Amino acid sequence: QVQLVESGGGLVQAGGSLRLSCAASGRTFSSRAMGWFRQAPGNEREFVAAINSWSGLSKYYADSVKGRFTISRDNAKNTVYLQMNNLKPEDTAVYYCARARNSGGTVYDDQYDYWGQGTQVTVSS
């Protein structure tokens, strides 16, 4: 069984930064792509970023966060990160990390098999 635990959310002013962490249990962390998604009240869950397995050299971002957010991974710590800079009020949401079924990374949430409980990010204007 894989468990994913997010941390690092909070309240920040527009223009500020936060770094989310997602600690994973289990032995398969390195071999799977990881992703971040978010869901704002009244909205559907949406893709934010993904990173491929092992090297983590392939990264994918939603257009809305490109240039502001950076995804990274530390396989030695079984942890994936989401550095969020220049935050905007529209970034307010619950952020979830997820483990992909494959190694390459994907924007489609049905291709992820394990999900964390989520961490709230609130950006005030």
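A brief look at the structure comes next. Treat the numbers as computed from the prediction; the structure is a model and nothing was measured. (Residues numbered from 1 in each chain as written. Predicted model: local features only at pLDDT ≥ 70, side-chain atom pairs only at ≥ 80, totals over all residues. Heavy atoms only, no water.)

### Some words on the pairing of strand 4 (residues 34-39)
Under the convention used in this document: Exposure is judged per residue with a 1.4 Å probe applied to protein chains only, and the accessible area is read against the type maximum: over 50% gives exposed, under 20% gives buried, and values in between give partly exposed. In DSSP terms, a helix is any run of H or I states spanning at least four residues, a strand is any run of E spanning at least two, and both are numbered starting from the N terminus. Two strands qualify as a pair provided that DSSP identifies no fewer than 2 bridges between them.
Extensive coverage of strand 4 is indicated by the burial of five of its six residues. Pairing of strand 4 with strand 5 (residues 46-51) involves five bridges; the strand directions are antiparallel. Considered in strand 5, the bridge of Met 34 is made with Ile 51. Two successive antiparallel strands, strand 4 and strand 5, enclose a turn made up of six residues, where Gly 42 displays a positive phi of approximately 80°. Sheet topology note: the strand 4/strand 9 (residues 93-100) ladder contains six bridges and is antiparallel. Paired with Trp 36 across the two strands is Cys 97, which belongs to strand 9.

### Here we look at the state of the cysteines
We count it as follows: Cysteine sulfur pairs qualify as disulfides if the two atoms are within 2.5 Å.
Taken as a whole, this structure holds one disulfide when the rule is applied. Each sulfur in the disulfide pair Cys 22 and Cys 97 lies 1.9 Å from the other. Its S-S torsion of about 40° marks the bond between Cys 22 and Cys 97 as right-handed, since a negative value means left-handed. Of this pair, Cys 22 sits in strand 3 (residues 18-24) while Cys 97 sits in strand 9; the two residues are 75 residues apart in sequence, bridging distant segments of the chain. An identical accessibility class is assigned to Cys 22 and Cys 97; each is buried.

### Observations regarding unusual backbone geometry
For Trp 54, which is not glycine, the phi dihedral falls at a positive 55°. Counting through the fold element by element, Trp 54 comes out in the loop between strand 5 and strand 6 (59-61). Not every positive phi belongs to a glycine, and Asn 86 is a case in point at roughly 50°. Structurally, Asn 86 can be placed in the loop between strand 8 (79-84) and strand 9. With a relative accessible area of 43%, Asn 86 lands in the partly exposed category.

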